[in-house]
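Breakdown of the fold
Chain by chain, the residues:
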Amino acid sequence: YTRESMMSHIESGHIKCTHNHSLKVIKARDAKYAPIFSVWTDSKYNAGTNGTNLLKSIFGDNRFSYPKSLYTVLDNIKSVVQERKDALILDFFAGSGTTLHATMLLNEEDSGRRRCFLVTNNENNICETVTYERNKRVILGYDQPSGEHIEGLKNNSLRYYKVELKDRELTH
C-alpha cells in the first residue's frame, strides 16, 4: 500500500490499529457473510522485528529486503504439517531462506525430522550470499553484532545443489 491508500483504508475502516500497534485487516468475503479478520495480529508476526532485524542479527548487515517473519512461516508450517514429524516441505520461491529456518526451528522444538527443499533462480547470487549462508549460520551458531552468541540448531543438515537449465528442442 502507498501511504495515501493506507490512510484511505484506515479511514474507511478496512484496516484498524490494535492496542499493541499491529494492523488488523478487515476483509469482506461476500454480502451474506460477516467480515473476517486477519489472524496475524500477534507482534511475533511483525516482519520488521522478526524478519529484517533477525537477518541483521545473523549477518550484521541488510543484504535482503523485506524478509518474512520467522514466526509467521513457522506457524504456517505447523498448521499444515501438524504432528507429521517427517513431513517434506517445498518452497519454490526461496528468498532469504525463512522456510528452511522455520522448519529447522520446528524440528528443534519437537525433535522432528522434517526435510525442507528450497528452490531459487539465484537472482543476484541470493542463494549463496543469503539463503545458504543464513541457514549455515543457523545450524552452526553465530555471533550477533552485539557480541551475543546464538547457539546453532545442530540437529539439522544443509546441502546445496546447483543445477543448470538446458534448452530442449521440442519435437512433434
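Look up a bit, the structure's there.
Residues numbered from 1 in each chain as written. Predicted model: local features only at pLDDT ≥ 70, side-chain atom pairs only at ≥ 80, totals over all residues. Heavy atoms only, no water.

1. Side note on helix α4 (residues 98–110)
Spelled out, the test is: Going along the chain from the N terminus, every DSSP run of H or I of four or more residues is numbered as a helix, and every run of E of two or more is numbered as a strand. Expected span, for any helix, means 1.5 Å times one less than how many residues it has. The cut-offs for exposure are 20% and 50% of the maximum accessible area for each residue type, with area from a 1.4 Å probe on protein chains only; residues under the lower value are buried, those over the upper are exposed, and the others partly exposed. Contacts were defined at the residue level, with two residues in contact if any of their heavy atoms lie within 4.5 Å.
With 13 residues, α4 should reach 18 Å at 1.5 Å per residue; the first-to-last C-alpha distance of 18 Å fits that figure. Within α4, 10 of the 13 residues are buried, which leaves the element mostly enclosed by the surrounding structure. Against α2 (47–59), α3 (70–81), β4 (88–91), β5 (115–118) and α5 (126–140) lie the buried residues of α4. One or two residues past the end of α4 sits Ser111, with phi positive at roughly 55°.

2. Here's the deal with the environment of Lys24
With respect to the secondary-structure elements, Lys24 resides in strand β2 (residues 23–27). Distance in space between the C-alpha atoms of Lys24 and Ile10 is 9.9 Å, their sequence separation being 14 residues.

3. A word on the side chain of Asn122
How we decide: Whenever a nitrogen or oxygen atom comes within 3.5 Å of another N or O atom, the pair is scored as a polar contact, on the condition that within protein one atom can donate a hydrogen and the other can accept it, and that pairs from neighbouring residues in sequence are kept only if both atoms are in side chains.
For Asn122, the position within the fold is in the loop between β5 and α5. One polar contact links the side chain of Asn122 to the main-chain amide nitrogen of Ile126, over a distance of 3.2 Å. Beyond its immediate chain neighbours, meaning those up to four positions away, Asn122 contacts Cys127, Glu128 and Tyr160.

4. As for the packing of aromatic side chains
We apply this condition: By convention, a stacked pair of Phe, Tyr or Trp rings (six-membered ring in the case of Trp) has centres within 6.5 Å and planes under 30 degrees apart, an edge-to-face pair has planes over 60 apart, and any other such pair is tilted.
Scanning the model with the defined rule gives one aromatic pair in all. Consider the rings of Tyr132 and Tyr160, whose centres lie 5.5 Å apart with planes at 45°: the pair is tilted. Residue Tyr132 is located in helix α5, and its partner Tyr160 is located in the segment after β7 (149–150); the two are separated by 28 residues in the primary sequence. Of the residues examined, Tyr132 reaches a relative accessible area of 27% and is grouped as partly exposed.

5. Some details on the pattern of salt bridges
Two side chains with opposite charge may pair up if their charged atoms get near one another. To be explicit about the condition: One side-chain nitrogen of Lys or Arg within 4 Å of one carboxyl oxygen of Asp or Glu is enough to make a salt bridge.
The tally for this structure, following the rule as stated, stands at seven salt bridges. Its salt-bridge partner being Asp61, residue Arg63 comes within 3.0 Å of it at the nearest N-O pair. Classification of Asp61 by relative accessible area gives partly exposed; the value is 31%. We note a salt bridge from Arg137 to Glu133, for which the minimum N-O separation is 2.8 Å. Of this pair, Arg137 and Glu133 are both found in helix α5, four residues apart, which corresponds to roughly one turn of the helix. According to the relative accessible area criterion, Glu133 is buried, its value standing at 16%.

Take it as geometry only, folks, not as evidence of what the structure does.
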